[in-house]
Each structure stands twice: as C-alpha cells, then as structure tokens.
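Structure at a glance
Residue strings, one per chain:
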Amino acid sequence: MTVRLTDIEQLTLLAVMRLGPDAYGVGIQREIEDRSGQYVSFGSIYKALRRLEEQRLVAGMLGAPTAERGGRRKKHFRVTAAGERALRRSIDGLWAMADGVSLRGSTRP
Amino acid sequence: MNSNRRDLPLWCRGILRAIADPQDRELVAGDLVERWPELAARRGSGAARRWLMRETLVAAWTLGVRQRLAGLSGQVKRLNPGHWRFSSWRNDARDAWRRLRSAPGLATSIVVTLALGIGANTATYSVLNRALLDPLPYRGGDRLAYLYSGGESFYFVPTMGLADAWRGASSAIEDLTTFGRVRAVWRDVSGAEHDVNGARVDAGLFGFLGVLPEIGRALLPSDPAPPAAAPAVVSRAMAARLAGDPSSAIGRSFQVVQRAFSPATNEVEETIFSLTVVGIMPVGFGFPSDDTDVWFRHGPLPQQTIVTVLARLRPGVGAEAASRALLAAERAAGVRTNGPEPIVRFPADILGVSAATALW
C-alpha cells in the first residue's frame with residue numbers, strides 16, 4: 001500500500017532523520033523551525049508522529065524523566081526502513097514535479 | 001512559569017487535561033516546560049506566555065477535542081449509519097424533515113408549540129413596542145397625557161368647568177382638547193341600522209394631534225354641532241361603507257340615532273341627527289379608539305358636562321409638576337374645592353388600544 005505523507009509528516013520524518021538519537025518533541029520542533037523557517041506546534045508534531053507510528057514509519061522509545069522537563073519523560077523517535085522508503089517516494093515525487101521548473105530566487109539547481 | 005520549580009501554570013495544566021492520551025499529555029507538557037526558558041530569553045516573557053497559551057490550546061484541540069469528536073462521529077456512524085449525517089446542513093435539514101414526516105403526531109405538537117411560543121413572544125413585543133418603545137404618531141406624542149380628577153386610589157373624568165379652568169395652567173400645559181365617546185347606530189339608505197363608534201370632539205382635535213384628513217377638510221370652530229345637521233369627518237372604512245369608493249363619500253349625508261335611558265321619563269330616548277361627510281381620515285388613524293369611525297363637533301357644553309381631557313405638556317414638565325400647576329389654575333379660576341385633586345397620567349393606550357385589552 002502506498003503511503004501518502006502530508007507536509008508536516010514529511011518535515012517531521014526529515015527532522016527525525018537529521019536529529020538521530022536526539023529526535024524528540026522539542027528537538028523536532030526546533031529543527032523544523034531552524035531549517036525550514038516553519039513553526040509547527042507540539043500538538044501538530046505529536047499528531048503526525050502518532051500517525052507515522054501507527055503506520056510503522058517511525059518507532060518511539062520512552063526515556064527517563066528529566067529535571068529540565070519538570071520530571072517528565074521524553075520519547076525518542078527513529079525512522080524505520082518503511083519510513084525511509086515512504087519519505088524517499090514522497091520526496092522523489094516532489095522533485096520529479098519540480099524537475100525542469102525554474103523557480104525565481106531558488107538556490108537549488 | 002516558575003523557573004525554579006520547572007512546571008506549567010495551573011491553567012495550562014488544566015487545559016492539557018483535554019488531551020486524551022496520558023502519554024501524549026506528559027510529552028507535550030514536558031516539551032513546553034523544556035522550551036519555555038529558551039523562548040522567554042529570546043523573545044521576552046510576554047511573547048513566551050502567548051506562545052505557551054497558543055501551544056496549549058492547539059495541543060488540547062489537536063490531541064484532545066478533535067480526536068474525541070472524530071471518535072464520537074465514527075461511533076455514531078457505526079451505530080446508525082443510515083440516519084446520521086455530519087456532511088452538510090442540507091443533509092441535516094433533509095433528515096429532520098424525514099423524521100418529522102415519519103412521526104406526524106410529534107411533528108404537529110412541535111409545530112404547534114413553536115407557533116404558540118413565537119406568537120406569544122410577538123404579541124408581547126408588539127404591546128411593549130406600542131406602549132413603551134414606539135413613540136406615538138401624534139405631534140409631541142411622548143408628552144400627551146390624560147387629565148383626571150381624583151385621589152390616591154381613584155380618579156374620574158372631569159367636568160367641562162374644570163377643563164376650562166385647567167387651560168389656565170399654561171406654564172405646564174401647552175395645549176389641551178376635550179372629547180367624549182359616542183356609541184350610536186347609523187341608518188343606510190334602506191333604513192337598516194348599523195352600530196358605529198364616534199366621538200364628539202373639539203374642532204381643534206385634528207390640529208392638536210397633528211393628523212389631518214387625507215381627503216376633504218377637518219372640522220372648523222364655525223361648524224354646527226348635533227343635534228343640528230352637522231359636518232363630520234369619517235374613517236376610510238366608514239367612507240367605504242357609505243359610498244363604496246371612499247373618495248366619493250365627501251358630501252354624503254347619513255342619519256345617526258343615539259339612544260339613551262332617561263331617568264326622568266324612565267324610557268329610552270332617541271336623538272336623531274344628520275351628519276354630512278366633509279373629511280376622510282387616513283388608514284390607521286384611530287382616536288380615541290381603533291374602532292372610532294365618526295368625528296363631529298360638540299357644541300358649547302354646560303360646565304357640569306363630563307368630558308375626557310387630553311393635554312400636551314410642555315417639554316420637561318413631569319406629571320407631578322403638571323398636577324401642581326393644574327391645582328394652581330383651579331384656585332386662580334375660583335373652582336377649587338376641598339374635593340379631588342388633578343391627576344396627570346401618561347397612558348399606554350393613547351392610540352385607543354388599552355394595554356389591558358391588547359394583552360389579551
């Protein structure tokens with residue numbers, strides 16, 4: 001079955017891949033904001049992560065409580081092989097659509 | 001947020017309770033606590049507070065309310081897929097119509113209940129609008145008041161002598177007019193009798209109210225008064241009864257029969273007089289009551305004659321000040337006794353619709 005990813009799911013998967021073992025709520029939000037300039041709320045991020053987890057595109061693991069979180073735990077995420085495939089298809093499709101299109105001001109070829 | 005305790009404000013934790021999954025709740029709360037100091041340092045505490053509010057509400061909506069609604073909608077569809085539609089208003093309306101048709105008894109009772117409720121509300125508002133909100137369609141309508149004579153718990157219409165004396169209270173009264181209601185019958189050309197409500201009025205009544213006949217002329221002080229043959233102004237409905245086409249009623253004459261019991265003779269006495277239409281009032285004019293159809297002059301009246309007195313007070317003069325001025329005028333005219341005192345009332349039924357009647 002072909003999985004269709006939403007924009008936020010794409011951004012979240014990419015952020016999780018970039019962050020590696022540090023991929024959790026705050027890190028994901030900060031990464032998306034810093035690199036894409038888009039602000040995504042925690043609610044939207046966790047909703048996307050829940051859906052991705054249900055489709056086995058990411059796997060989550062609860063960490064230990066920390067003082068900086070007021071004694072609450074983190075949940076670390078990693079992208080599964082299926083998640084990588086889904087992301088590649090999604091981005092390939094996007095690039096295929098963008099191929100040959102000249103966008104003014106773009107830094108990409 | 002208390003930076004030492006590293007926890008969220010109470011309101012924030014309260015809102016986050018809307019998140020359905022406790023693990024999601026813990027993760028979001030932990031992220032908010034962790035990111036707060038960074039944002040407060042970068043953007044200031046005010047902006048950080050706004051950020052916290054926005055994040056909290058979005059999380060509560062996305063992971064709580066919206067998820068619950070989606071779950072509820074799914075459950076309902078599973079339970080009764082043929083009857084529940086959330087897709088559009090039109091579907092809801094169609095569904096309601098089908099349900100009402102399938103239960104005509106229930107539908108009838110709902111419609112009747114709604115009709116009664118809406119009708120009662122409309123009637124109540126109409127009375128309030130007429131009595132309190134809508135200014136009277138007469139000149140200086142908000143200053144019109146009936147003048148009576150009475151005490152704390154009673155009042156009655158005054159005599160012509162008192163009305164004449166009250167004209168002297170010019171500091172409080174701008175103008176006043178006198179009239180009396182007439183219940184009689186009128187005879188058509190075949191001799192058949194029909195009930196009619198009329199009023200004997202001052203020739204200046206229409207000028208006083210600021211409403212003139214739509215066709216023809218108003219009454220003049222030089223016009224004769226019954227029982228002599230006299231000119232009359234009639235309502236548009238009366239004009240139509242007299243001539244079919246109201247505009248051709250001018251100049252028509254009709255006979256009026258007034259019957260009254262006479263204690264002197266112990267018999268009902270008839271007064272018959274002829275009226276000739278000289279003016280036709282516009283539709284909607286009804287004074288002193290909505291069903292008044294004929295107006296004619298009352299002649300010079302004996303001082304003991306009982307009349308209804310309607311006055312227009314001067315701007316800014318209240319009922320109490322007007323009563324004092326009327327009392328002074330009585331004394332100045334030499335008609336003051338130790339009896340009843342003047343009473344000024346701003347009636348809700350100046351138009352002729354009494355509030356008590358209209359309520360029913």
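Look above for the structure.
Below: a short report on this structure. Because the structure is predicted, anything quoted here is derived from the model rather than measured. Along each chain, residues carry numbers from 1 onward, in the same order as the chain's sequence is written. Written order decides the labels, with chains lettered from A and ligands numbered from 1. Note on the predicted model: pLDDT of at least 70 is required for a residue's local features to be given, and 80 or more for side-chain atom pairs to be given and counted; whole-chain, interface and lining totals, by contrast, use all residues. Note that water and hydrogens are dropped before the side-chain values are worked out from all heavy atoms of the structure.

**Brief notes about the overall build of chain B**
Strands here are runs of E lasting at least two residues and helices are runs of H or I lasting at least four, both read from the DSSP assignment and numbered beginning at the N terminus. Secondary structure summary: chain B contains 10 helices and 11 strands in total. Surface exposure here means Shrake-Rupley accessible area, sampled with a 1.4 Å probe, where a residue is shielded only by the protein chains that are shown. If you sum the accessible surface of chain B, you get close to 19900 Å²; carbon and sulfur atoms cover 57% of it.

**Some details on the packing of helix α1 (residues 7-19) of chain A against helix α2 (residues 25-36) of chain A**
Residues and elements named next belong to chain A. Every axis corresponds to a line fitted to the C-alpha atoms, with the helix fit spanning only the stretch in contact, and the corresponding angles, defined between N-to-C directions, vary from 0 to 180 degrees. The N-to-C vectors of α1 and α2 enclose an angle of 105°; their axes lie 9 Å apart at closest approach. Put simply, α1 runs roughly perpendicular to α2. In contact with L11, T12, A15, V16, R18 and L19 of α1, α2 contributes G27, I28, E31, I32, R35 and S36. Tallied by class, the residues present in the contact of α1 with α2 amount to 6 nonpolar, 3 polar and 3 charged. Here the word oblique covers every angle except those under 35 degrees (roughly parallel), over 145 (roughly antiparallel) and from 65 to 115 (roughly perpendicular). Contact definition: two residues touch when any of their heavy atoms are within 4.5 Å. Charged residues are taken to be Asp, Glu, Lys and Arg, nonpolar residues to be Ala, Val, Leu, Ile, Met, Phe, Trp, Tyr, Cys and Pro, and polar residues to be all remaining types, Gly included.

**A look at the interface of chain B and chain A**
Between chain B and chain A, the contact holds 27 residues from the first and 24 residues from the second. Summed over both sides, the interface of chain B with chain A buries roughly 2300 Å², with 47% coming from carbon and sulfur. Any carboxyl oxygen of Asp or Glu that lies within 4 Å of a side-chain nitrogen of Lys or Arg is treated as forming a salt bridge with it. Counting the contacts that link chain B with chain A gives 9 salt bridges. Between B:R42 and A:E33 there is a salt bridge whose closest N-O contact spans 3.9 Å. Here a polar contact is recorded for every N or O atom pair within 3.5 Å, except that within protein the pair must consist of a potential hydrogen donor and a potential acceptor, and residues adjacent in sequence are included only if both atoms are side-chain atoms. Between the two partners, chain B and chain A, sit 17 residue pairs in polar contact (both at pLDDT 80 or more). Going through the elements one at a time, α2 (22-43) and α3 (45-79) of chain B are the ones with two or more residues in the side of chain B that touches chain A. For the side of chain B that touches chain A, the element with the most residues is α2(B), which contributes 15 residues. Along the lines of polarity and charge, the residues of the side of chain B that touches chain A split into 9 nonpolar, 4 polar and 14 charged. Accessible area that two parts lose when put together, evaluated with a 1.4 Å probe and summed over both, is termed the buried area.

**A look at the pairing of strand β7 (residues 253-262) of chain B**
A regular strand carries its side chains on alternate faces of the sheet. Residue and element names in this part refer to chain B. One requirement defines pairing of two strands: DSSP has to find at least two bridges between them. Taken together, the 3 bridges between strand β3 (residues 173-187) and β7 define a ladder with antiparallel strand orientation. Its bridge partner lying in β7, W186 is registered against V256. Of the pairings in the sheet, the one linking β7 to strand β8 (residues 267-280) comprises 10 bridges and is antiparallel in character. Each residue of the ladder has a partner; that of A260, found in β8, is E269. Count of turn residues in the β7/β8 antiparallel hairpin: 4 residues, of which N266 carries a positive phi of about 60°.

**What about unusual backbone geometry?**
Residue B:P227 is reached from B:P226 by a cis peptide bond, and omega for that bond is 15°. Relative to the helices and strands, B:P227 resides in the loop between β5 (215-216) and β6 (230-234). Here the residue pair B:F287 and B:P288 is connected by a cis peptide bond, since its omega of 0° sits within 30 degrees of zero. Looking at the element boundaries, B:P288 is found in the loop between β8 and β9 (292-297). Positioned with a positive phi, A:R56 is a non-glycine residue whose angle comes to about 60°. Inspection of the secondary structure puts A:R56 in the loop between α3 (42-54) and β1 (58-62).

Purely spatial values, then, with no claim about function.
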